[in-house]
Amino acid sequence: MPKGVTKRRPRTRAALLKAALETFAEHGFHATSIEQICERAGYTRGAYYSNFASKEELFLALFDEHSERTVRRLAEAIDALPAEEYTLKRLAELASRVDPDERDWFLVTTEFTLHAIRDPQAAWVLARHDARLRAEIARGLTAVLRRAGRELTVDADRFARLLIALREGGLAQSYVEPAELPPGSLEREFLAPLLAASTRVIGPSAVDEDGRVDLATTCEVGPVDLGVDAGDRAADGDVGQSNRSGSDAVI
């Protein structure tokens, strides 16, 4: 293959993905034709089929791209936190952020999910991509909590499912009633208490300088830190030392 073609291929693919997302959101996944996507992107059907075999394959590429971008942005925001802000409340605030263009993706992925519910083959394929996203969420959440001095007391994959349900269910209501329930509201209100109820404190000696956990020294039950500062804890007669540390994790 000529070098020029190799260099152009990523640009072509990116343009087709962008055009597809916009067209799917505007007209719907089923109603959108491949010709419409090509016209919007400025490419031919040949360019389309050299990158994607079908609209389903194109959607799954959008799914993976969106998942990777969401995880990366959240990871970067968490990594930028100073140690004193590494609380469940602050983590929940970061996780509750919703980009302005998220509505387009929500429309597209909701329609494809309905398609998958009706089509067993599409459901099987979508479930594989969902599982990869959940695995990344579970891995990242475990690492982030560890650096906050906590660990899950429930199955990480099941908890990742709950987080996704909270996100998607909240957005469904928010896009119907944006004034009553702005996007991200449910997560900002309930995610920190949910994390507190589903985690426990790790003993200070259980976390080494690299963030690895010695399960033999973990605590069964510990106090919950939802971001209350030391002054408030002192007023309540409950001043303790934090074992939070900076983050280099991905969630």
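Residues numbered from 1 in each chain as written. Predicted model: local features only at pLDDT ≥ 70, side-chain atom pairs only at ≥ 80, totals over all residues. Heavy atoms only, no water.

A few words on the overall build of the protein chain. Looking only at helices and strands, one finds 10 helices and 2 strands in the protein chain. In sequence order, the secondary structure elements of the protein chain are arranged as α-α-α-α-α-α-α-β-α-α-β-α. Every one of the 251 residues in the protein chain was classed for burial, and the buried ones make up 38%. For the protein chain, the proportion of contacts with a sequence separation of at least 24, taken over those separated by at least 6, is 68%. Carbon and sulfur atoms make up 54% of the accessible area of the protein chain, which totals about 14,000 Å². (Helix = DSSP H or I, 4+ residues; strand = E, 2+ residues; numbered from the N terminus. Buried < 20%, exposed > 50% of the residue type's maximum accessible area, 1.4 Å probe, protein only. Contact = heavy atoms within 4.5 Å. Areas by Shrake-Rupley, 256 points an atom, 1.4 Å probe, with all protein chains shown as cover.)

Our next topic: helix α2 (residues 34-41). Here α2 has its buried residues at Ile-34, Ile-37, Cys-38 and Ala-41. Buried residues of α2 fall within an arc of 95 degrees about the axis and therefore sit on the same side. Gly-42 occupies a position one or two residues after α2 and carries a positive phi of about 85 degrees. (Arc of directions from axis to C-beta.)

Let us now look at the packing of aromatic side chains. Overall, the coordinates contain 10 aromatic pairs when judged by the stated rule. Judged by centre distance (6.4 Å) and plane angle (75 degrees), the ring pair of Phe-29 and Phe-59 falls under edge-to-face. A residue pair is termed long-range when its members are at least 10 positions apart, and Phe-29 in the loop between α1 (3-27) and α2 and Phe-59 in helix α4 (residues 55-79) qualify at 30 residues. In this structure Phe-59 comes out as buried when scored by relative accessible area, which is 0%. For the ring pair Phe-29 and Phe-112, a centre distance of 5.3 Å and an interplane angle of 90 degrees mean the geometry is edge-to-face. In this pair, Phe-29 is assigned in the loop between α1 and α2 and Phe-112 in helix α6 (residues 102-118), connecting sequence segments 83 residues apart. Note on accessibility: Phe-29 and Phe-112 belong to one class, buried. Grouping aromatic residues by their ring pairs yields a cluster made of Phe-24, Phe-29, Phe-59, Phe-63, Trp-105 and Phe-112. The ring of Phe-29 has Lys-55 lying over it, and the distance from NZ or CZ to the ring centre is 4.9 Å. (Phe/Tyr/Trp six-rings, centres within 6.5 Å; stacked < 30°, edge-to-face > 60°. Lys NZ or Arg CZ within 6 Å of the ring centre and 35° of its normal.)

A few words on the environment of Arg-73. Note that Arg-73 resides in helix α4. Given a relative accessible area of 39%, Arg-73 falls into the partly exposed group. Sequence separation of Arg-73 and Leu-94 is 21 residues, and the distance between their C-alpha atoms is 9.8 Å.

Take the packing of helix α7 (residues 120-147) against helix α8 (residues 156-176) next. Remark: α7 packs on α8, axes separated minimally by 9 Å, with the N-to-C direction vectors making an angle of 105 degrees. Looking at the two axes, α7 sits roughly perpendicular to α8. Listed contacts from α8 to Arg-134, Ile-137, Ala-138, Leu-141 and Thr-142 of α7 are Ala-156, Asp-157, Phe-159, Ala-160, Arg-161, Leu-163 and Ile-164. Of the residues that constitute the contact of α7 with α8, the class distribution is 8 nonpolar, 1 polar and 3 charged. (Axes fitted to C-alpha atoms, helices over the stretch in contact; angles between N-to-C directions. Parallel < 35°, antiparallel > 145°, perpendicular 65-115°, else oblique. Nonpolar A, V, L, I, M, F, W, Y, C, P; charged D, E, K, R; others polar.)

Core analysis: the biggest nonpolar cluster contains 41 residues, and Phe-24, Leu-58 and Phe-59 have the highest contact counts within it. Aside from chain neighbours lying at most four places away, what touches Phe-24 is Phe-29, Thr-32, Ile-37, Lys-55, Leu-58, Leu-62 and Val-108. If you look at the next biggest cluster of nonpolar residues, it comprises 8 residues, including Leu-74, Tyr-86, Leu-91 and Ala-148. (Core = buried A, V, L, I, M, F, W, Y, C linked by side-chain atoms within 4.5 Å.)

Glancing now at α6. When the terminal C-alpha atoms of α6 are compared, their 25 Å separation across 17 residues agrees well with the 24 Å that a helix rising 1.5 Å per residue should span. Within α6 the residues assigned to the buried category are Glu-102, Trp-105, Phe-106, Val-108, Thr-109, Phe-112, His-115 and Ala-116. (Expected span 1.5 Å × (residues − 1).)

Right, let's get into empty space enclosed by the protein. In total, this model carries 1 cavity of 30 Å³ or more according to the counting rule given. Put simply, the largest cavity is a space of about 30 Å³. Together, Leu-21, Leu-62, Glu-65, His-66, Arg-69 and Trp-105 line the largest cavity. Among the elements that make up the lining of the largest cavity, the one with the highest residue count is α4 (4 residues). Of the residues in the lining of the largest cavity, the class split is 3 nonpolar, 1 polar and 2 charged. (1 Å grid on protein atoms, 1.4 Å probe; cavity = no way out; pocket = protein on both sides within 12 Å on 5 of 7 lines; lining within 4 Å. Points joined across faces, edges and corners; volume = space filled by probe spheres on them.)

The subject of this paragraph is the pattern of salt bridges. Oppositely charged side chains can form a pair if their charged atoms are brought close together. For the coordinates displayed, the defined rule picks out 14 salt bridges. The residue Glu-136 makes a salt bridge to Arg-139 at a minimum N-O spacing of 3.0 Å. Remark: Arg-139 and Glu-136 occur in helix α7; sequence separation between them is 3 residues, near one turn of the helix. According to the relative accessible area criterion, Glu-136 is partly exposed, its value standing at 27%. Where Arg-167 meets Glu-187, a salt bridge forms, and the shortest distance between an N and an O atom there is 3.2 Å. Here Glu-187 lies in helix α9 (residues 185-197) and Arg-167 lies in helix α8, a separation of 20 residues in the sequence. Where salt bridges share partners, they join Lys-18, Glu-22, Glu-26 and Arg-40 into one cluster. (Salt bridge = Lys/Arg side-chain N within 4 Å of Asp/Glu carboxyl O.)

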